[in-house]
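Below, each chain spelled out in residue letters.
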Amino acid sequence: MSKPLKQIHLAAHFPGVNNTTVWSDPSAGSHIEFSSFVEFAQIAERAKFDFLFLAEGLRLREQGGKIYDLDVVGRPDTFTVLAALAAVTDRLGLTGTINSTFNEPYEVARQFASLDHLSAGRAAWNVVTSWDAFTGENFRRGGFLPQEERYSRAKEFLATAHELFDSWHGDEILADQETGHFLREAKAGAFEHRGQHFDIQGQFNVPRSPQGRPVIFQAGDSEEGREFAASSADAIFSRHATLKEGQAFYRDVKDRLVRYGRDRDQLLILPAATFVLGDTEAEAQETAREVRRLQVSGATALKHLEFVWNRDLSSYDPDGPLPDVEPDLGEHTVARGRAQVRMYRDPLAIVREWREKAEANNWSIRDLVIETGNRQSFVGTPETVAAEIDELVQADASDGFILVPHITPGGLAPFADKVVPLLQERGVFRTEYAGTTLRDHLGIHHPDAESRNERVAS
Amino acid sequence: MTTPAPLHLAVALDGTGWHPASWRTENARPHALLTAPYWQDLITEAEHGLLDFVTIEDGLGLQSSHLTDPDDRTDQVRGRLDAVLVAARIAPRTRHIGIVPTAITTHTEPFHLSKALATLDYVSTGRAGVRVQISAKPHEAAHFGRRKIDPLPDGDYNSPAGQEAVRGLFDEAADYVEAVRRLWDSWEDDAEIRDVATGRFVDRDKLHYVDFEGEHFSVKGPSITPRPPQGQPIVTALGHASIPYRLIARSADVGYVTPHDADQARAVLAEIRAEQAAAGRADDTLHVFGDLVVFLDDEPGAARARRERLDALAGEPYTSDARIFAGTPAELADLLQELQAPGLTGFRLRPAVVADDLPAITRSLVPELQRRAAFRTSYEADTLRGLLGLPRPASRYATASA
Ligand SMILES: Cc1cc2nc3c(=O)[nH]c(=O)nc-3n(C[C@H](O)[C@H](O)[C@H](O)COP(=O)(O)O)c2cc1C
């Protein structure tokens, strides 16, 4: 008896501030104008994707004390774009990355509950925990946290938000025009939370939303991040899109679920992935090489090295050998406001590895960055890409992928038109939406039922 | 009789309407209040009437019949959605009308609001505004737990003691608006250059730190969202006394005031214009709109009878900070022109019952005003600034670096 095929989940990540976007391509459109978001979302919905994804950054990146100017800079407000997209789509889930350090639970819970109402049940929240003082300078608390506290605040933030979402059970509004009873009881939405980070009480003013609560994503990769996800998230946005790394991450995180009394299928693992398609394998490889060269100019390559070296490397020749100086291991001061800085936890080891690779292959600085940085996840013909995605999912390297195209906004269309039909033929991707909410698409339970049952039981 | 200058007209949307029993009227749709189609229908109706803009009320607590404290009532509409998100949800399906959600300055972050409104301006292609409001409500402060707000001395905002108590919150609101406007200006219009030759996406000399330092907060900047289509979305505020008038005079593009007759309107306008001059803005266009609650019926006497029926359902007569009008569209047009004479440039009408009074505004009042050449007959601009005759401001930083 063969195992039933796993169904693949697919999402579309509107490229934000990063160097995946080839903004110099003549077909690249605006990453700010709403028409770009509409086009992108409608391609994703046409292809029956689970959801659209937006990342977040709350301060413009700087390098060497100046605003970084080589990649796409600037992005619109997440909640506002997602609410507007709800007007031009019907089924597509709407996932927004919202930080738990520079926000307050009452406000964020209110915004997500509102988004869930306004989209008829399609809202999801990717909880991120960036904590730095650099970003904090934009906020009224001057608010930043010691790194050790980022997840303790995030956990309590999410728990508090859940208390607010659950403060309405869904049956409080009578709106009985005859008797004049609008509310069943005056204390609708009452809550009280007394904790380490939040000491709040009162009444939440958004009644229960269609999904009960938005779907919860997590995107941190540290030990604490994985525990947070295992305890509290419905899905993880990871960066491990290859077979081995993916399987290791998948196993690691799913094993953690038991500790929290959860089943292995209660947490979906969805890595970020890029793709390049061609009519032949060779053509796809060639295009992928071109895209990499467009993504990584000489100047970009030097800036990329500065994330690791934490030094000004502007005097080096990007077409020459790697810098002969050692990285500065002090506090990172050269590049600021960029998640990637934190990706390189052991700069000395990275530098050693890169030097070895560069020497063995006779790579310049730019070659090295092109060869080692952000390689495209899927390169091939629609057939080979569909097969690879299917294999990765069936082999439990992931439950699907969050795809980020390198052209905004049209770059998703080739995948939607050529790869999705092949996945559908394989019987591993939906041909129609089975339900209306994002929870329906992801196959995760609606918490309404749960809280109603709890009420009945109590 | 000389033809009066054309009026500007806005409607203030709040639940099923401003009368607390409005939800009990036949067409009120109280079960639909938390859905997008409900709001879409209202704003489409307002746009049908060529109105300048709609405002969307909001609050960081449950609605209450009490000014500053929660009540325990179960007979009125309770619960609402975030106004900025409602605005964003309806913007793509309209074309001309301005959309002005309420935002509370006391507990929110200027950085977050500035990018939300800039984005509302993008999704509406130039039709965004905001109505800024303070919260002097102790129970709303307890929803955030960051600061304590004391109860008002005598439970009334508008008394001298009440005004004194909220002075700090209004000063903070003025700082807030300043920080938000600087963030909108922090990207010059042409900062995105996509210069393939040099590999630079932006010209960083056209991005600016706003370095706002106030008593309650500081903001570094620049914004993460490029300068919105209108340069700066419009800022509006409601005022009933000197301290909020000063906020209007210093910080707003449109102020809402609540005179009950032409003499009061004259006095309020004089105060605001003096403050405006004192703030060095004498040459800027600052609209001052009169706020009115309206019951409108074509049939003489019908509006008053409707008001009485609703008061009976509510169990008490409805009172308001604004003048409550009940009558025919022609009578309302007369009143608007009378109040306009001292210098109000428009009105924000609060429909007592949205289901009845909003269509009465768009289908009866507007044609009546058009007959009097006192209101537009088609949308003459694509942006809210255009409709209000407000110029698109240059970024303050552009001149500095030019
Ligand atoms: C795939 C992925 C995507 C992320 N996207 C964002 C983002 O959009 N905004 C952000 O502030 N942080 C983002 N992060 C950072 C984290 O969510 C996290 O808050 C930070 O890395 C600290 O947590 P950690 O130490 O557990 O990784 C992302 C992380 C990963 C792995």
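Because the structure is predicted, anything quoted here is derived from the model rather than measured. (Residues numbered from 1 in each chain as written. Chains lettered and ligands numbered in written order. Predicted model: local features only at pLDDT ≥ 70, side-chain atom pairs only at ≥ 80, totals over all residues. Heavy atoms only, no water.)

Draft legend 1. Up close: the packing of aromatic side chains. In this structure the tally under the stated criterion is 26 aromatic pairs over all chains. Ring geometry for F275 of chain A and F415 of chain A: centres 5.1 Å apart, planes at 55 degrees, overall tilted. On the criterion of sequence distance, the pair formed by F275 of chain A in strand β14 (residues 275-277) and F415 of chain A in helix α13 (residues 413-425) is long-range, its members being 140 residues apart. When sorted by exposure, F275 of chain A lands in the same class as F415 of chain A, which is buried. Residues Y176 of chain B and F217 of chain B carry aromatic rings whose centres are separated by 6.3 Å and whose planes lie at 80 degrees to one another, so their mutual orientation is edge-to-face. Here Y176 of chain B, found in helix α5 (residues 160-185), pairs with F217 of chain B, found in the loop between β7 (212-213) and β8 (218-219); they are 41 residues apart in sequence, far enough to count as distant. A relative accessible area of 3% places F217 of chain B in the buried class. Members of the aromatic cluster, joined through ring pairs, are F79, F112, W125, F157 and F198 of chain A. If you follow R59 of chain A out to its NZ or CZ, it ends over the ring of F134 of chain A, 3.8 Å from the centre. (Phe/Tyr/Trp six-rings, centres within 6.5 Å; stacked < 30°, edge-to-face > 60°. Helix = DSSP H or I, 4+ residues; strand = E, 2+ residues; numbered from the N terminus. Buried < 20%, exposed > 50% of the residue type's maximum accessible area, 1.4 Å probe, protein only. Lys NZ or Arg CZ within 6 Å of the ring centre and 35° of its normal.)

Draft legend 2. Representation of unusual backbone geometry in the model. Note the cis peptide between T408 of chain A and P409 of chain A, where omega equals -10 degrees. Mapped onto the elements of the fold, P409 of chain A is located in the loop between β17 (400-403) and α13.

Draft legend 3. Structural detail: the side chain of D71 of chain B. All names here are of chain B. With respect to the element layout, D71 can be found in the loop between β2 (53-56) and α2 (83-90). Among the residues examined, D71 registers a relative accessible area of 15% and is labelled buried. A distance of 3.3 Å separates a polar side-chain atom of D71 from the backbone nitrogen of R73. Discounting chain neighbours no more than four positions away, the residues touching D71 are Q63, S64, S65, H66 and R78. (Polar contact = N/O pair within 3.5 Å; in protein donor to acceptor, adjacent residues only side chain to side chain. Contact = heavy atoms within 4.5 Å.)

Draft legend 4. Summary view of the sheet that holds strand β3 (residues 62-63) of chain A. Residue and element names in this part refer to chain A. Reading across the sheet, the 3 strands line up as β4-β3-β15 and stay open at both edges, with antiparallel pairing between neighbours. Strand pairing shows two members of the sheet lacking a second neighbour, β4 (66-67) and β15 (335-336), which therefore form its edges. Bridging between β3 and β15 involves 2 bridges; their strand directions are antiparallel. Bridge pairing links E62 to R336 in β15. (Pairing = 2+ DSSP bridges.)

Draft legend 5. Focus on the site of the ligand. Residue and element names in this part refer to chain A. In the vicinity of the ligand there are 17 residues, among which S130, R150, Y151, A219 and S222 approach most closely. With respect to the ligand, the side chain of S130 contributes an N or O atom lying 2.7 Å from an oxygen atom. Within the side chain of R150, one N or O atom sits 2.5 Å away from an oxygen atom of the ligand. The protein chains hide 90% of the 610 Å² of surface that the ligand would expose on its own. For the shell around the ligand, the elements supplying multiple residues, two or more each, are α5 (150-165) and β12 (235-238). (Near = heavy atom within 4 Å. Areas by Shrake-Rupley, 256 points an atom, 1.4 Å probe, with all protein chains shown as cover.)

The analysis is restricted to geometry; functional conclusions fall outside its scope.
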